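Here is what each chain is made of, one letter per residue.
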Amino acid sequence: MTRTELDAAGIRDAGLRASYQRCRELNARHGRTFFLATRLLAPAQRPAIHALYGFARWADDIVDEPPTGDATGSAAARLDAVAKTMRDSLRGTHDGDPILAALADTAARYGIEHSLFDDFLDSMRMDLTVTDYPDRSALDRYIHGSAAVIGLQVLPVLGTIGPRSDAAPYAAALGKAFQLTNFLRDVAEDLDRGRVYLPADELAAFGVDRARLQWCRTNRRTDSKVRSALAAQHAVARDWYRYADAGIALLHPISRPCVATAAVLYSEILDRIERSEFAVFTARATVSNARRTRVAGSALARALWARRGSRARALTPTEG
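Under an unreviewed UniProt entry, the protein has the name Phytoene synthase and belongs to Nocardia ignorata. On record in UniProt, under Pathway (unreviewed entry), the comment for the protein is "Carotenoid biosynthesis; phytoene biosynthesis."

What follows is the structure, given as structure tokens:
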């Protein structure tokens, strides 16, 4: 199937094919829900999505999973090195790194703005020094680079039925909704890394601070104040999903089943968090394999129908 995807995308160079394969492996290993959703795209679209995911995962791992004994300064130096080689690769000077080779090829094929990758790395740098966010505005600055720009990066690959600028706010909003879902699901894990990705002033309105969150983590329970605070953050995430949902109709018909599936499955993580009464310190909320398969199976029929339509042919990099 990988060969079919690469052939459909017109990727002929052997070295470049290996680069895209490396990105695909990263996506399959680490982004289960995201990878499943990409299977609903036309084969020609998938390599580019894998390349974008592969780069984001690679950079994120530098920050979240540094080698044993690696100091913050060393991680920062590695991130700076990635930024430099990324810019060189985007300008056409490749150093042989497979992930950057695939990224540069994707950016060139689809005309993706280079500044979006810089914005992403800026937020990754924040993770090296910023551990708390005083208010929503501060958190939104982080989310812009960590998530909203991801939606903007994939938009040229997905294609649109009208001006791309019309769909851009919705694409950014869906990335933000996914990120807010992660923040709620991963409160405990983030605390273990010394970070809190929830606005301090909004938590304080419910009598919650880092110390109370840490108490919940240590005792593996969610007290009433933290439960109320997390419920408020849950409502914010829901609002972003509702806003983003209106933008799916602006995408190319081939891409709608993929994006709709990702939105449904990710939003169901919120359902599970709510049903557990926000027991995020006890277990990590997930969507079962069976449920993912059911949702994707239903979407597959719509995806195949869109591909067979006389006007819904597989996108080329110049469309959308």
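Let us now look at the domain arrangement of the protein. Annotation of the protein at the domain level lists domain 1 (1-121) and domain 2 (130-309). Relative placement of domain 1 and domain 2: their C-alpha centres are 22 Å apart. Counting from both sides, the interface comprises 24 residues of domain 1 and, opposite them, 29 residues of domain 2. Both sides of the domain 1 and domain 2 interface together cover about 2,300 Å² of buried area, and 67% of this is carbon and sulfur. Considering only the side of domain 1, the residues that lose the most area to domain 2 are Thr33, Leu40 and Leu116, jointly responsible for 27% of the buried surface there. Along the contact surface separating domain 1 from domain 2 lie 0 salt bridges. Linking domain 1 to domain 2 there are 3 residue pairs in polar contact (both at pLDDT 80 or more).

At a minimum axis separation of 11 Å, helix α13 (residues 224-245) and helix α14 (residues 256-275) run at an interaxial angle of 160°. The angle between α13 and α14 falls in the class roughly antiparallel. For the pair α13 and α14, the crossing hand works out as left-handed. Side by side, α13 and α14 meet where His234, Ala237, Arg238 and Tyr241 of the first sit next to Ala263, Tyr266, Ser267, Leu270, Asp271 and Glu274 of the second.

What counts and how
- Residues numbered from 1 in each chain as written.
- Predicted model: local features only at pLDDT ≥ 70, side-chain atom pairs only at ≥ 80, totals over all residues.
- Heavy atoms only, no water.
- UniProt positions renumbered as here; feature names shortened; annotations may be inferred.
- Domains from an automatic or database assignment.
- Contact = heavy atoms within 4.5 Å.
- Buried area = accessible area lost by both parts, 1.4 Å probe.
- Salt bridge = Lys/Arg side-chain N within 4 Å of Asp/Glu carboxyl O.
- Polar contact = N/O pair within 3.5 Å; in protein donor to acceptor, adjacent residues only side chain to side chain.
- Axes fitted to C-alpha atoms, helices over the stretch in contact; angles between N-to-C directions.
- Helix = DSSP H or I, 4+ residues; strand = E, 2+ residues; numbered from the N terminus.
- Parallel < 35°, antiparallel > 145°, perpendicular 65-115°, else oblique.
- Left-handed = near helix turned anticlockwise from the far one by under 90°.

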